Amino acid sequence: MSEKKIHFKIITPERIVFEDDVDSVTAKGVNGSFGILPEHIPFMSTLDIDTAKAEKDGKEYIFSIIGGAFQFKNNEAIILTEAAECGGDIDTTRAQLAKERAEASLSSAQTQQDIKMANAALTRAMVRLKAASQNNNNV
Ligand code: ATP
């Protein structure tokens, strides 16, 4: 494992969801997944609504990331996003109910806007359920 670390922060309008020195960061950009190790060249990407992962000393940290932007430079990685949760903080009952509500909205949607909003809510709920199920560390 490298001596060098990445200072990784996940920031929402409400709070800092995560801040720590980690060994690697993996996330899903709109053009595909990417992984960052210390000393990577500067990099930016718009983020998909999906999970992200950080590894530190052999431990895996999983997050749900509701879109946003990723920036890496000088061994600092920042995710700026509308909403994010650490895997262990996700209320799976809430996410399951949100998924069911979104599915019901989708089946009764009348307009393209209704479909778009229901699909977005469904994607958020599915990503939260995925992050919760991938989380092994209760972080
Ligand atoms: P819901 O319908 O359950 O509110 P949502 O997709 O509309 O879900 P968001 O608007 O994306 O929720 O998020 C609002 C706030 O609630 C954010 O701070 C987000 O981190 C938090 N949040 C949403 N769903 C969950 C969840 N299942 N567990 C923990 N926090 C959640």
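Description of the structure in this document. Every residue gets a number counted from 1 within its own chain, in the order that chain's sequence is written. Reporting in this predicted model follows two pLDDT cut-offs: at least 70 for local features of residues, and 80 or more for side-chain atom pairs to be given and counted; totals over whole chains, interfaces and linings ignore these cut-offs and use all residues. Only hydrogens and water are set aside when side-chain values are computed; all heavy atoms of the structure are taken into account.

Structural notes on the nonpolar core
The tendency in soluble globular proteins is for nonpolar side chains to be buried side by side.
Point 1. Ranked by internal contacts, the top residues of the largest apolar core, which has 22 residues, are Phe8, Ile10, Phe63, Ile65, Phe70 and Ile79.
Point 2. At the level of elements, β1 (6–11), β2 (16–22), β3 (24–29), β4 (32–36), β5 (43–56), β6 (59–73), β7 (76–80) and β8 (84–86) are the ones that each hand at least two residues to this core.
Point 3. With five residues, β6 is the single largest residue contributor to this core.
Point 4. Residues count as neighbours in contact if any of their non-hydrogen atoms are within 4.5 Å of one another. Excluding anything up to four places from it in sequence, Ile79 contacts Phe8, Lys9, Ile10, Ile11, Leu47, Ala52, Ile65, Ala69 and Phe70. Each nonpolar core is a collection of buried residues, namely Ala, Val, Leu, Ile, Met, Phe, Trp, Tyr and Cys, held together in the definition by side-chain atoms within 4.5 Å. Residue burial is assigned from relative accessible area. The probe radius is 1.4 Å, only protein chains are included, and a residue is buried under 20% of its type maximum, exposed over 50%, and partly exposed in between. A run of DSSP states H or I qualifies as a helix once it reaches four residues; a run of E qualifies as a strand once it reaches two. Both are numbered from the N-terminal end.

A word on the pairing of β3
Two faces belong to every sheet, and in a regular strand the side chains alternate between them.
Point 1. Pairing between strands is defined by DSSP: at least two bridges between them are needed. Bridge count for β3 against β5 is four bridges, and the pairing is antiparallel. By the bridge assignment for β5, Gly29 is matched with Leu47.
Point 2. Counted along the chain from β3 to the antiparallel partner β4, the turn is two residues long.

Concerning unusual backbone geometry
When glycine is set aside, most residues are seen to have a negative phi, and most peptide bonds are trans.
Point 1. Non-glycine residue Asp57 carries a positive phi angle of around 50°.
Point 2. At Asn74, a residue that is not glycine, the phi angle is positive and equals roughly 50°.
Point 3. Along the chain, Asn74 turns up in the loop between β6 and β7.

Details of the environment of Thr81
Point 1. Note that Thr81 resides in the loop between β7 and β8.
Point 2. Separated by 50 residues in sequence, Thr81 and Ala131 have C-alpha atoms that sit 16 Å apart.
Point 3. Apart from the residues within four sequence positions on either side, Thr81 is in contact with Ile10, Ile11, Thr12, Pro13, Ile65, Ile66, Gly67 and Gly68.
Point 4. Side-chain atoms alone can form a polar contact between residues adjacent in sequence; in general such a contact is a pair of N or O atoms within 3.5 Å, and within protein one must be able to donate a hydrogen while the other accepts it. Within the structure, Thr81 has its side chain in polar contact with the backbone oxygen of Ile66 (distance 3.2 Å).
Point 5. In this structure the side chain of Thr81 is engaged in a polar contact, spanning 2.7 Å, whose partner is the backbone oxygen of Gly67.

Comments concerning the packing of helix α1 (residues 92–107) against helix α2 (residues 112–134)
Point 1. Between N-to-C directions, angles span 0 to 180 degrees; the directions come from axes that are lines fitted to C-alpha atoms, helices contributing only their stretch in contact. Orientation of α1 relative to α2, taken along the N-to-C sense of each, is 155°, at an axis distance of 8 Å. In terms of orientation, α1 lies roughly antiparallel with respect to α2. Here the hand of the crossing between α1 and α2 comes out left-handed. Every residue of α2 that contacts α1 at Thr92, Ala95, Gln96, Ala98, Lys99, Ala102, Glu103, Ser105 and Leu106 is listed here: Ile115, Ala118, Asn119, Ala121, Leu122, Ala125, Met126, Arg128, Leu129 and Ala132.
Point 2. Polar here means any residue other than Ala, Val, Leu, Ile, Met, Phe, Trp, Tyr, Cys and Pro, which are nonpolar, and Asp, Glu, Lys and Arg, which are charged; Gly is therefore polar. Tallied by class, the residues present in the contact of α1 with α2 amount to twelve nonpolar, four polar and three charged. When an angle is under 35 degrees it counts as roughly parallel; over 145 it counts as roughly antiparallel; between 65 and 115 it counts as roughly perpendicular; any other value is oblique. What makes a crossing left-handed is the near helix being turned counterclockwise from the far one by less than a right angle; a clockwise turn instead makes it right-handed.

A short note on the site of the ligand
Point 1. Near the ligand you find Glu14, Ala84, Glu85, Asp89, Ile90, Asp91, Arg94, Ala95, Ala98, Arg101, Arg124 and Arg128, and these make up its full shell.
Point 2. Between an oxygen atom of the ligand and a side-chain N or O atom of Arg101, the distance comes to 2.7 Å.
Point 3. The contact in question runs from an oxygen atom of the ligand to an N or O atom on the side chain of Arg128, over 2.9 Å.
Point 4. Computed by Shrake-Rupley with a 1.4 Å probe, the accessible areas treat only the displayed protein chains as cover when residues are assessed. Contact with the protein chains covers 70% of the free accessible surface of the ligand, which is 590 Å².
Point 5. Going through the elements one at a time, β8, α1 and α2 are the ones with two or more residues in the shell around the ligand.
Point 6. No other element matches α1, which puts four residues into the shell around the ligand.
Point 7. Domain ranges listed in this record stem from an automatic or a database domain assignment. Looking at which domains feed residues into the shell around the ligand, each of domain 1 (6–87) and domain 2 (91–138) supplies at least three. Residues are labelled near a given molecule or strand when at least one of their non-hydrogen atoms is within 4 Å of it.

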